[in-house]
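Close look at the chain arrangement
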Amino acid sequence: MEKPTKYNNKFPFLFFSGVICTVVLTVLIAQYGYEALPRNSISDCKKQFTGTINEAAGYKFCECIHDYGNPLDVCLDEFENETKKINKK
């Protein structure tokens, strides 16, 4: 079997470009994909809202998750309702 005169590098370039794009998108979605994240502790949770317009609603969200142990979906719904009220003012 003879060697080709010229190798095509199109596949490795496209493959690794796709892998890099997937990693970057995953990191961006994990970092910025959600408005409120429960974090690992209540203090870390509250830090993301400190000094923002949604500070009171964010603190309620953190307490809902960490102190009361409610499901994430319930707490997120409450948070969204609170932020809608704040943003209408």
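Summary of the structure given here. Predicted model, so just to flag it, every value in this text is computed and none were measured.

Criteria and cut-off values
- Residue indices follow the written sequence of each chain, beginning from 1 at its first position.
- Residues qualify for local features only when their pLDDT is at least 70, as the model is predicted, and side-chain atom pairs are given and counted only at 80 or more; totals for whole chains, interfaces and linings, by contrast, use all residues.
- For the side-chain quantities, the full set of heavy atoms in the structure was used; hydrogens and water were omitted.
- In this analysis an axis means a line fitted to C-alpha atoms, helices contributing only their contacting stretch, and an angle means the value between N-to-C directions, from 0 to 180 degrees.
- The helix count covers DSSP runs of H or I at least four residues long, the strand count covers runs of E at least two residues long, and both are numbered beginning at the N terminus.
- The cut-offs work like this: below 35 degrees is roughly parallel, past 145 is roughly antiparallel, 65 to 115 is roughly perpendicular, and the gaps in between are oblique.
- Left-handed is the label given to a crossing in which the near helix is rotated counterclockwise from the far helix by less than a right angle, and right-handed is the label when the rotation is clockwise.
- Two residues qualify as a contact provided that any one of their heavy atoms is within 4.5 Å of a heavy atom in the partner residue.
- For this classification, Asp, Glu, Lys and Arg are treated as charged, while Ala, Val, Leu, Ile, Met, Phe, Trp, Tyr, Cys and Pro are nonpolar and the rest, including Gly, are polar.
- Buried Ala, Val, Leu, Ile, Met, Phe, Trp, Tyr and Cys residues that are joined via side-chain atoms within 4.5 Å together make up what is termed a nonpolar core.
- Buried means the residue's accessible area, taken with a 1.4 Å probe over protein chains only, is under 20% of the maximum for its type, while exposed means over 50%, and partly exposed covers the values in between.
- Each patch is built from salt-bridge-free residues with over 30% relative accessible area, joining like charges within 9 Å and nonpolar side chains (Val, Leu, Ile, Met, Phe, Trp, Tyr) within 5 Å.
- Here, Shrake-Rupley sampling with a 1.4 Å probe gives the accessible areas, and only protein chains in the shown set may cover a residue.
- Note on definitions: salt bridges are taken to be side-chain nitrogens of Lys or Arg within 4 Å of carboxyl oxygens of Asp or Glu.
- In this tally, Lys and Arg are treated as positive and Asp and Glu as negative; His is ignored, and so are the chain termini.
- Lys charges are placed at NZ, Arg charges at CZ, Asp charges at CG and Glu charges at CD.
- For this analysis, a ring pair means two rings from Phe, Tyr or Trp (six-membered ring only for Trp) whose centres lie within 6.5 Å, classed as stacked if their planes differ by under 30 degrees, edge-to-face if by over 60, and tilted for the remaining angles.
- Note on geometry: a ring has a charge over it if NZ (lysine) or CZ (arginine) is within 6 Å of the ring centre and within 35 degrees of the ring normal.

Look at helix α3 (residues 55-66) against helix α4 (residues 72-88): their axes get within 9 Å of each other, and the N-to-C directions meet at 170°. By the angle between their directions, the pair α3 and α4 is classed as roughly antiparallel. The element α3 and its partner α4 pack so that their crossing is right-handed. Contact residues: α3 offers Ala-57, Gly-58, Lys-60, Phe-61, Cys-64 and Ile-65, while α4 offers Leu-72, Cys-75, Leu-76, Glu-78, Phe-79, Glu-82, Thr-83 and Ile-86. Counted by class, the contact of α3 with α4 contains nine nonpolar, two polar and three charged residues.

A word on the nonpolar core. Counting residues in each nonpolar core, the largest one holds ten residues, listed as Ala-36, Cys-45, Phe-49, Ala-57, Phe-61, Cys-62, Cys-64, Ile-65, Cys-75 and Phe-79. For this core, the secondary structure elements donating two or more residues are α3 and α4. Sort the elements by how many residues they give to this core and α3 lands first, with five residues.

Attention shifts here to a negative patch on the surface. Together, Glu-35, Asp-73, Asp-77, Glu-78 and Glu-80 line one region of the surface with negative charge. Within the secondary structure layout, Asp-73 lies in helix α4.

Inspection of every chain in the model, using the stated rule, returns three salt bridges. The salt bridge involving Asp-44 is made with Lys-47; its shortest N-O contact spans 3.8 Å. A residue pair is termed a helical-turn pair when its members lie 3 or 4 positions apart in one helix, as Asp-44 and Lys-47 do in helix α2 (residues 42-47) at three residues. Linking Lys-46 and Glu-63 is a salt bridge whose minimum nitrogen-to-oxygen distance equals 3.6 Å.

Taken as a whole, this structure holds five aromatic pairs when the rule is applied. Measuring from centroid to centroid gives 5.1 Å for Phe-15 and Phe-16, while their planes differ by 75°, and the two rings are edge-to-face. A centroid spacing of 6.3 Å and a plane angle of 75° characterise the contact between Phe-49 and Phe-61, whose relative ring orientation is edge-to-face. Linking Phe-49 in the loop between α2 and α3 with Phe-61 in helix α3, this pair joins segments that are twelve residues apart in sequence. With relative accessibility at 4%, the residue Phe-49 sits in the buried group. Ring pairs connect the aromatic residues Phe-11, Phe-15 and Phe-16, which therefore count as one cluster. When the ring centre of Tyr-59 is taken as reference, the NZ or CZ atom of Lys-46 above it lies at 5.2 Å.

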